[in-house]
2 protein chains.
Amino acid sequence: MVAFGAIRSQSSTLQDSSSFLSTDTIIALTVFFALLCACIIIGHLLEENRWANESITALLLGLCAGGVVLLVSKFQSSHLLVFSEDLFFLYLLPPIIFNAGFQVKKKQFFKNFNTILLFGVFGTVISFCVISLGAFLLFKRIGISTLDVKDYLGVGAILSATDSVCTLQVLSQDETPFLYSIVFGEGVVNDATSIVLFYSVQELDFSNIDAGSALKLLWTFLYLFFTSTALGVSVGLISAYIIKTLYFGRRSTDREVALMMLMAYLSYMLAELLNLSGILTIFFCGIVMSHYTWHNVTESSRITTKHAFATISFIAETFIFLYVGMDALDIDKWKSSKANPGTSIAVSSTLFAMVLLGRAAFVFPIANIKNYFQRTESTKIGFRKQFIIWWAGLMRGAVTIALSYNQFAESEKTSTKDSALMITCTIIVVLFSTVVFGSITKPLIEAVLLRHSKPSGSDAADMPSLEDLRLSFLIENGESSEQGDNQPPPKRSRLGLLISHPTTTVHYYWRKFDDKFMRPVFGGRGFVPFVPGSPR
Amino acid sequence: MVAFGAIRSQSSTLQDSSSFLSTDTIIALTVFFALLCACIIIGHLLEENRWANESITALLLGLCAGGVVLLVSKFQSSHLLVFSEDLFFLYLLPPIIFNAGFQVKKKQFFKNFNTILLFGVFGTVISFCVISLGAFLLFKRIGISTLDVKDYLGVGAILSATDSVCTLQVLSQDETPFLYSIVFGEGVVNDATSIVLFYSVQELDFSNIDAGSALKLLWTFLYLFFTSTALGVSVGLISAYIIKTLYFGRRSTDREVALMMLMAYLSYMLAELLNLSGILTIFFCGIVMSHYTWHNVTESSRITTKHAFATISFIAETFIFLYVGMDALDIDKWKSSKANPGTSIAVSSTLFAMVLLGRAAFVFPIANIKNYFQRTESTKIGFRKQFIIWWAGLMRGAVTIALSYNQFAESEKTSTKDSALMITCTIIVVLFSTVVFGSITKPLIEAVLLRHSKPSGSDAADMPSLEDLRLSFLIENGESSEQGDNQPPPKRSRLGLLISHPTTTVHYYWRKFDDKFMRPVFGGRGFVPFVPGSPR
């Protein structure tokens, strides 16, 4: 009994003592990490299932966990961690966007660069206008009366931010490279555009509005786009130069990997410090790092960076969806909105209809305008593809929720009832769009596109011509093809190719410039000393 | 001019708007990440220098940066981030300790397991007693009068925590495997012991102290040691089983790596939740993961985990030293201590002398007692090695500072003057020991040990006999050697080996048990289906 007593007193002593950390933090982190593990395992088991994916698993698991926490805390609170914009914008979003830039197939991305810009910039602006206008016209009929013009424009910007994370889990880079690069590229540019729009709206002075305001907005956007890109490219090039010059590979893989990680993150923080778009900066930093820096490091570093960045991004994505699911049951917000279910459903449905309409209002017009200027049939975007582009961008995610909190959670208005309602309705839209569209998209693509792809022209229809062009240029210049293909390249006249493939021609001159000036300085494939045992 | 005006107004608008994050956080993070990059680059450039290493570079760079911040803020503050125990114990320490377990040479570690336990547990307790007693006897003469018995015992526990991070950068696992495994293993056990001691002291009821207290303390320690180890081993085995059963390798390296990372971290959080020692748990989880889980994943995952864990650990280490350097100039602490330089120097010197004495008081006796029980000359620890073991454990690091803050920063005593003095003096001891010992250790080892190693018996003198034993056992059992060595194994009698090498014999039976029961269930080298293109 003495020993037992000793154990008991000791363990109760330990209860308060043997940790530096507050028990709440530890419980929250333990549950969160256990849920993350569960998401990965369940996601893997469901992998063969065409309707499910990790995002939806995480979202539903988060909902269940939120429900359990709600029950355990006797309907006081559903969340373990408070939703923090800092957590999201400082630690979760940067690795996802960096990895996106790092793993993107650069050729496809730059080949469709003008289409991506059209969708990402003009498309987002059109969507923003449609949603704002729709909310302005329809909300008063539902009974929402306390929102002002700024709030309506805010709603437009908030719901224009598409969620690329879940989409990318559904689209395959290998099966549908064209669609992937369009939807993905649009997603990145869209994030930046909607965030810039959101803040521009918040800063607009509505008492003194004139034609100059639109011009200012445009100028701001162009300024942000080019400086952010330039910063990302610069940091990427500096990292390539440092690693090439010091040639860390001789000694330490860990240092190379650490330097790449730290400099990527540094580019994001620098952009935020200079009030640029961190998302655009770290995205282009990722592209430059994969083009130059990645080739300057050892083989182990290449494998490590490739998979480590993907893993960190994957964990961050799962974390976000888990969190969004858990956050959805936050009882305080539902209480303070005081709306009857009918109003909530009406507002959510209106918002969702506006999202559908806003996206349709730019995808089909822009695609058709682009088609009008295309000479060859193969580079045109068919209706089926347009439909998929429209559909794949309907999901809303963490950026939407973060912006929504920023707009409505800390507003010091007289009536916070409608603000709380806007937050809960945004969450409903995010949950509904992710679960429904996330699960339907994969089967839909299979049904609409892949089964009909052969008669109507493959998704990668214009890829061979790019390869042809490069080969014929190389042969004309007396260079040998890198890949020792067996198939003889078909001869075409250079002039004909120049006219029919302007983007490809830009790519050719970029390659020449790259080989002559960039790679000798910054390294890159074939421009670093050979290390034994290091293929590629 | 209009355009210029527009730019100006827009950029000032952006100044306040285009970021979600507070400017202070961004500046702090940007400077920190820039400094981390600088540490890696400068550390690399100084690599050939035998006196310097990354820890010292980070510490000095942190000091410089702290000085600059102090000047910029006009002597208001020297630090960018507030020292947070949460940051240290939740995010920086776990990856370092996990990586230590993951990369440790298991054979060496377990072969010297009893020596490690002797040094780590009894040694730390002896050191704790010597330092506490010394402080108690000497501080009153210097003029420190407001500390009570609890504070003196706290000082003993605080300064018993050695810093293994810097030591490991100085010692080489390949050149001096025996010393590395002793110093490193002692470091891990020592961290756990000193943290348990620290909290036991804080919870001791001095009004009601008896012989049972010591017994309770012993019981607590044993309980913590075995349960923490068991938890770490369990989580490691579960991870191995999950990955082996689901066999992620078919599809996704990223999922495997994510699961390993998350489960390792989960083991730490679970231990903290159950009030066990997270450090011990994650250390043994790392060992089990490297023994089983690591062999169940794809070749890419192996390379990725090996380097990614090392990289994260490396970044965390550099971060800690950078922070400690920056924190050292914290003007508030120096102001509130109000001590004249003479007192500071006297207290620091006393503490440092106690550290020297406390370590000498257990290294030499324990080593000689151990030598007394060794039968063969080759397994004895010579005086030169004893000296290096003593020397290599004199550095004090982040654990010391974290414990010191916990003890003295939030004390609600009548006189906080002496508490502040204790913090500043602890920082002086940490800085002095890291810079001086960190820079001298490498040349010292070369001078003392490596140049004399051949005549007095190599550091790895007993390694061949281990290999002999395994080979002769394997041959007796009719198994073929894994490595097709050309040298014929010398024949020895099994009984003789059993008597002369008890540890080795335990290792042999463990291997038999491992091959028969553990590996078929949990995977491991040679026990997972062959994947094409996956060597080892």
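It should be emphasised that the depicted structure is a prediction, and the values quoted were computed from it without experimental measurement. (Residues numbered from 1 in each chain as written. Chains lettered and ligands numbered in written order. Predicted model: local features only at pLDDT ≥ 70, side-chain atom pairs only at ≥ 80, totals over all residues. Heavy atoms only, no water.)

What follows deals with the overall build of chain A. Tallying secondary structure elements over chain A gives 22 helices and zero strands in all. Out of the 536 residues belonging to chain A, those deemed buried represent 57%. Sequence-distant contacts, at least 24 apart, represent 82% of the contacts inside chain A between residues at least 6 apart. A total of about 22500 Å² of accessible surface is found on chain A, and carbon and sulfur atoms cover 65% of it. (Helix = DSSP H or I, 4+ residues; strand = E, 2+ residues; numbered from the N terminus. Buried < 20%, exposed > 50% of the residue type's maximum accessible area, 1.4 Å probe, protein only. Contact = heavy atoms within 4.5 Å. Areas by Shrake-Rupley, 256 points an atom, 1.4 Å probe, with all protein chains shown as cover.)

Residues and elements named next belong to chain A. Where nonpolar side chains cluster on the molecular surface, the patch consists of Leu-133, Phe-136, Leu-137, Leu-138 and Val-149 and spans about 430 Å² of accessible area. Of the residues forming the nonpolar patch, the biggest block, four residues, is contributed by helix H6 (residues 113-142). Along the chain, Leu-137 turns up in helix H6. (Patch = residues over 30% accessible without salt bridge, like charges linked within 9 Å, V, L, I, M, F, W, Y side chains within 5 Å. Salt bridge = Lys/Arg side-chain N within 4 Å of Asp/Glu carboxyl O.)

A separate point is unusual backbone geometry. Here the phi dihedral of A:Asn275 falls at roughly 60°; this positive angle occurs in a residue that is not glycine. Here A:Asn275 lies in the loop between helix H11 (253-273) and helix H12 (278-296).

Moving on, we get to the confidence of the model for chain A. Residues and elements named next belong to chain A. Overall, the prediction assigns chain A a mean pLDDT of 76, with 76% of residues at 70 or greater. Ranking the helices and strands of chain A by mean pLDDT puts H11 first, with 91, and helix H1 (residues 2-17) last, with 32. Below pLDDT 50 for its whole length, residues 1-19 participates in 20 contacts with residues either more than four positions away or in separate chains. Predicted confidence is poor over residues 532-536, with pLDDT under 50, and the contacts of this stretch with residues over four places away or in other chains come to eight contacts. (pLDDT = per-residue confidence, 0-100.)

Take the nonpolar core next. If you look at the biggest cluster of nonpolar residues, it comprises 285 residues, and the most contacted ones within it are A:Phe88, A:Phe139, A:Leu351, B:Phe88, B:Phe139 and B:Leu351. In contact with A:Phe88, other than residues within four places in its own chain, are A:Leu93, A:Pro94, A:Ile320, A:Ala398, A:Val399 and A:Ala402. (Core = buried A, V, L, I, M, F, W, Y, C linked by side-chain atoms within 4.5 Å.)

Residue and element names in this part refer to chain A. As assigned here, chain A comprises domain 1 (23-73) and domain 2 (85-450). With centres defined by C-alpha atoms, the gap from domain 1 to domain 2 works out at 24 Å. On the side of domain 2, 25 residues touch domain 1, which itself brings 21 residues to the contact. Across the contact surface, domain 1 and domain 2 share zero salt bridges. Counting across the domain 1 and domain 2 interface gives zero residue pairs in polar contact (both at pLDDT 80 or more). Mapped by element, the contributors of at least two residues to the side of domain 1 that touches domain 2 are helix H2 (23-45) and helix H3 (54-72). Broken down by element, the residue count for the side of domain 1 that touches domain 2 peaks at 13 residues, all from H3. Of the residues that constitute the side of domain 1 that touches domain 2, the class distribution is 14 nonpolar, five polar and two charged. (Domains from an automatic or database assignment. Polar contact = N/O pair within 3.5 Å; in protein donor to acceptor, adjacent residues only side chain to side chain. Nonpolar A, V, L, I, M, F, W, Y, C, P; charged D, E, K, R; others polar.)

Our focus in this paragraph is the pattern of salt bridges. All chains considered together, the criterion is met by eight salt bridges over all chains. Between A:Asp515 and A:Arg519 there is a salt bridge, and its shortest N-O distance comes to 3.6 Å. Linking A:Asp515 with A:Arg519, this pair stays in helix H22 (residues 502-522), spanning four residues, or about one helical turn. Note on A:Asp515: relative accessible area 29%, which makes it partly exposed. With a closest N to O distance of 2.9 Å, B:Asp514 and B:Arg519 form a salt bridge.

All names here are of chain B. Position of Val-363 among the secondary structure elements: in helix H15 (residues 341-373). On the basis of relative accessible area, Val-363 is assigned to the buried category, the value being 0%. Expressed as a C-alpha distance, the spacing of Val-363 and Ser-172, which sit 191 residues apart in the sequence, is 20 Å. Apart from residues no more than four positions distant in its own chain, Val-363 is found in contact with Phe-119, Gln-386, Ile-389 and Trp-390.

Tallied over the full model, the rule gives 65 aromatic pairs over all chains. Here the aromatic rings of B:Phe109 and B:Phe283 are separated by 5.3 Å at their centres, their planes lie at 65°, and the arrangement is edge-to-face. With B:Phe109 in helix H5 (residues 106-111) and B:Phe283 in helix H12 (residues 278-296), this pair connects stretches of sequence that are 174 residues apart. Grouped by ring-pair contacts, the aromatic residues A:Phe352, A:Phe364, A:Phe383, A:Phe387, A:Trp390, A:Trp391, A:Phe432 and A:Phe437 constitute a single cluster. Sitting above the plane of the A:Trp294 ring, A:Arg302 keeps its charged end 5.8 Å from the centroid. (Phe/Tyr/Trp six-rings, centres within 6.5 Å; stacked < 30°, edge-to-face > 60°. Lys NZ or Arg CZ within 6 Å of the ring centre and 35° of its normal.)

Here the focus is the state of the cysteines. Counted according to the given criterion, the structure contains zero disulfides over all chains. A:Cys37 provides the cysteine sulfur closest to B:Cys285, a residue in no disulfide bond, and the two sulfurs are 10 Å apart. (Disulfide = S-S within 2.5 Å.)

On to the packing of helix H7 (residues 149-160) of chain B against helix H17 (residues 398-408) of chain B, then. Residue and element names in this part refer to chain B. Between H7 and H17, the least distance of the axes is 9 Å, while the angle of their chain directions is 165°. Between H7 and H17, the angle is such that the two are roughly antiparallel. Classified by chirality, the crossing of H17 by H7 is right-handed. Across from Lys-150, Asp-151, Gly-154, Val-155, Ala-157, Ile-158 and Leu-159 in H7, the residues of H17 making contact are Thr-400, Leu-403, Ser-404, Gln-407 and Phe-408. (Axes fitted to C-alpha atoms, helices over the stretch in contact; angles between N-to-C directions. Parallel < 35°, antiparallel > 145°, perpendicular 65-115°, else oblique. Left-handed = near helix turned anticlockwise from the far one by under 90°.)

Helix length check: helix H7 (residues 149-160) of chain A, at 12 residues, gives a terminal C-alpha distance of 17 Å against a target of 16 Å (1.5 Å per residue), a fit within 8%. All buried positions along H7(A) are accounted for by A:Asp151, A:Tyr152, A:Gly154, A:Val155, A:Gly156, A:Ala157, A:Ile158, A:Leu159 and A:Ser160. (Expected span 1.5 Å × (residues − 1).)

Further remarks concern the side chain of B:Ser439. All names here are of chain B. Relative to the elements of secondary structure, Ser-439 occurs in helix H18 (residues 417-450). Taking relative accessible area as the criterion, Ser-439 reaches 16% and is therefore assigned buried. At a separation of 3.1 Å, a polar atom in the side chain of Ser-439 contacts the main-chain carbonyl oxygen of Val-436.

All names here are of chain A. Position of Met-289 relative to the elements: it lies in helix H12. Residue class for Met-289 comes out buried when judged on its relative accessible area of 0%. Note: C-alpha distance between Met-289 and Ala-264 (25 residues apart in sequence) is 8.5 Å. Residues contacting Met-289, with those up to four places away along its chain left out, are Phe-98, Phe-102, Gly-236, Ser-239, Met-260, Met-263, Ala-264 and Trp-294.

Bringing the packing of helix H4 (residues 85-103) of chain B against helix H13 (residues 299-327) of chain B into the picture now. All names here are of chain B. Packing of H4 against H13 brings their axes to within 9 Å, and their N-to-C directions diverge by 135°. Comparing their axes, H13 and H4 come out oblique. As H4 packs across H13, the resulting crossing turns out to be left-handed. Contact residues: H4 offers Leu-87, Phe-88, Leu-92, Pro-95, Ile-96, Phe-98, Asn-99, Phe-102 and Gln-103, while H13 offers Thr-305, Lys-306, Phe-309, Ala-310, Ile-312, Ser-313, Ala-316, Glu-317, Phe-319 and Ile-320. Tallied by class, the residues present in the contact of H4 with H13 amount to 13 nonpolar, four polar and two charged.

Residue and element names in this part refer to chain B. Relative to the elements of secondary structure, Thr-57 occurs in helix H3 (residues 54-72). According to the relative accessible area criterion, Thr-57 is buried, its value standing at 8%. When neighbours within four sequence positions are excluded, Thr-57 is seen to be in contact with Cys-39, Ile-42, Gly-43 and Leu-46.

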